[in-house]
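One-letter residues, chain by chain:
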Amino acid sequence: MYKLVTLPGTCSTGIHVLLNILGIKAEVIHRDEVPNYQQKVPTNQVPALLDGDLVLTEGAAIILYLLDKHQVTFSNEQEKTTFNQWLMFNYATLHPAYSKLFTTAFVMADSEEKTIYLQQLGDSVAELWKIIDSRLAHQPYITGNNVTVMDYLLAIYVNWGNYFPQLTIPVGDNVKRLVADVTQHKAFVDAFDNEGATFSLPQGA
């Protein structure tokens, strides 16, 4: 049985959702309950997927590993390419943009400069949501007509706006429509309930 190390409501919860979608049973463990976690994962970050002696980190790598191991196939090469492109957008572009917000909020001392810089970072995140919102203008999900793990990850990222109530980070009506859809899916609801996470649309969205 897999073991998934997670923190509630983080991108690791997206891996939990994927496991639910694939019908894979896994032991889900809070990071702080893993003894000597940083010895196993030097970054001390989540997610981490334990498969026997294998300790796999990095969300995108875990997703690709699970899809390959459980023989989830794509209908054609274009569909696979599109999936991989948006998977990397999630983890290499949108997630790091939010990471800058979290780092600034927790590290910088409160000041007028911090307030201005946070909103500048929020504006940069909003520009990325414009790209996603435009993508969703003519299709229900990020890769087309079928929901994928990326759509659930997008909902998780939208939820992160609640950590910055002082900021205005609009996500767009199409993104809101997507979020309203996928947050009702059983795989998403069960993962959030199991981890004790909560979801709400941020006021500034």
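Conventions we followed
Residues numbered from 1 in each chain as written. Predicted model: local features only at pLDDT ≥ 70, side-chain atom pairs only at ≥ 80, totals over all residues. Heavy atoms only, no water. Helix = DSSP H or I, 4+ residues; strand = E, 2+ residues; numbered from the N terminus. Rg over C-alpha atoms; globule rule 2.2 N^0.38 Å. Contact = heavy atoms within 4.5 Å. Areas by Shrake-Rupley, 256 points an atom, 1.4 Å probe, with all protein chains shown as cover. Core = buried A, V, L, I, M, F, W, Y, C linked by side-chain atoms within 4.5 Å. Buried < 20%, exposed > 50% of the residue type's maximum accessible area, 1.4 Å probe, protein only. Pairing = 2+ DSSP bridges. Axes fitted to C-alpha atoms, helices over the stretch in contact; angles between N-to-C directions. Left-handed = near helix turned anticlockwise from the far one by under 90°. Nonpolar A, V, L, I, M, F, W, Y, C, P; charged D, E, K, R; others polar.

A.B. asks: Mind showing me how you'd approach the overall build of the protein chain here?
C.D. replies: Counting secondary structure elements, the protein chain contains 8 helices and 4 strands. Counting from the amino terminus, helix and strand elements in the protein chain follow one another as β-α-β-α-β-β-α-α-α-α-α-α. Taken over C-alpha atoms, the radius of gyration comes to 17 Å for the protein chain, in line with the 17 Å a tight globule of 205 residues would show. In terms of overall dimensions, the protein chain has a C-alpha envelope of 50 × 45 × 30 Å along the principal axes. A sequence separation of at least 24 residues applies to 70% of the contacts in the protein chain between residues at least 6 apart. Per element, the accessible surface of the protein chain, about 10700 Å² overall, is 51% carbon and sulfur.

A.B. asks: Looking at this structure, how should I read the nonpolar core?
C.D. replies: If you look at soluble globular proteins, the nonpolar side chains tend to sit buried side by side. Core analysis: the largest hydrophobic core is formed by 59 residues, its most contacted members being Ile-63, Tyr-98, Trp-129, Ile-132 and Tyr-157. If you list the elements that add at least two residues to this core, you get strand S1 (2-6), helix H1 (11-22), helix H3 (59-69), helix H4 (77-107), helix H5 (112-135), helix H6 (149-159), helix H7 (173-182) and helix H8 (186-195). Top element by residues in this core is H4. It accounts for 10 residues. The residues touching Trp-129, leaving out its near neighbours within four places in the chain, are Leu-94, Tyr-98, Leu-154, Tyr-157, Val-158, Ile-169, Pro-170, Val-171 and Val-175. Of all hydrophobic cores here, the second largest spans 9 residues; its members include Val-5, Val-34, Tyr-37 and Val-46.

A.B. asks: Any chance you could explain the environment of Tyr-163 here in plain terms?
C.D. replies: Mapped onto the fold, Tyr-163 is located in the loop between H6 and H7. A relative accessible area of 54% means that Tyr-163 is categorised as exposed.

A.B. asks: Could you clarify how one ought to interpret the pairing of strand S2 (residues 26-30) in this entry?
C.D. replies: With 5 bridges joining them, S1 and S2 adopt parallel strand pairing. Bridge pairing in S2 links Tyr-2 to Ala-26.

A.B. asks: It is not clear to me how unusual backbone geometry should be interpreted in this structure. Could you clarify?
C.D. replies: Glycine aside, residues mostly have negative phi, and peptide bonds are mostly found in the trans state. In this structure, Pro-47 follows Val-46 across a cis peptide bond, with omega equal to 5°. Relative to the helices and strands, Pro-47 resides in the loop between helix H2 (37-40) and strand S3 (48-51). Positive phi values are uncommon outside glycine, yet Asn-36 reaches one of about 55°. Note that Asn-36 resides in the loop between S2 and H2. Of note in the backbone geometry, Asn-44 takes a positive phi value of approximately 65° without being a glycine. Assignment of secondary structure puts Asn-44 in the loop between H2 and S3.

A.B. asks: I keep staring at the sheet that holds strand S4 (residues 54-57) and nothing clicks. Help me out?
C.D. replies: Sheets are built from strands that pair by backbone hydrogen bonding, the pairs being arranged parallel or antiparallel. Strand order in this open sheet of 4 strands is S2-S1-S3-S4, and the pairing throughout is mixed. In the strand order of this sheet, the two ends are held by S2 and S4, each with one partner. The mean inter-strand angle of the sheet, taken between neighbouring strand axes irrespective of direction, is 20°. Direction of pairing for S3 relative to S4: antiparallel, over a ladder of 4 bridges.

A.B. asks: Explain the environment of Pro-202 to me, please; I cannot follow it from the model alone.
C.D. replies: In this structure, Pro-202 sits in the segment after H8. For Pro-202, a relative accessible area of 9% gives the class buried. Expressed as a C-alpha distance, the spacing of Pro-202 and Tyr-163, which sit 39 residues apart in the sequence, is 8.7 Å. Residues contacting Pro-202, with those up to four places away along its chain left out, are Val-158, Asn-159, Gly-161 and Asn-162.

A.B. asks: Explain the packing of H1 against H6 to me, please; I cannot follow it from the model alone.
C.D. replies: For any two helices packed against each other, one specifies the inter-axial angle together with the distance between the axes. Where H1 contacts H6, the axes come no closer than 9 Å and their chain directions differ by 145°. When the axes of H1 and H6 are compared, the crossing they make is right-handed. When H1 is examined against H6, the residues Cys-11, Thr-13, Gly-14, Val-17, Leu-18 and Ile-21 are found in contact with a partner set consisting of Val-149, Tyr-152, Leu-153, Ile-156 and Tyr-157. Tallied by class, the residues present in the contact of H1 with H6 amount to 9 nonpolar, 2 polar and no charged.

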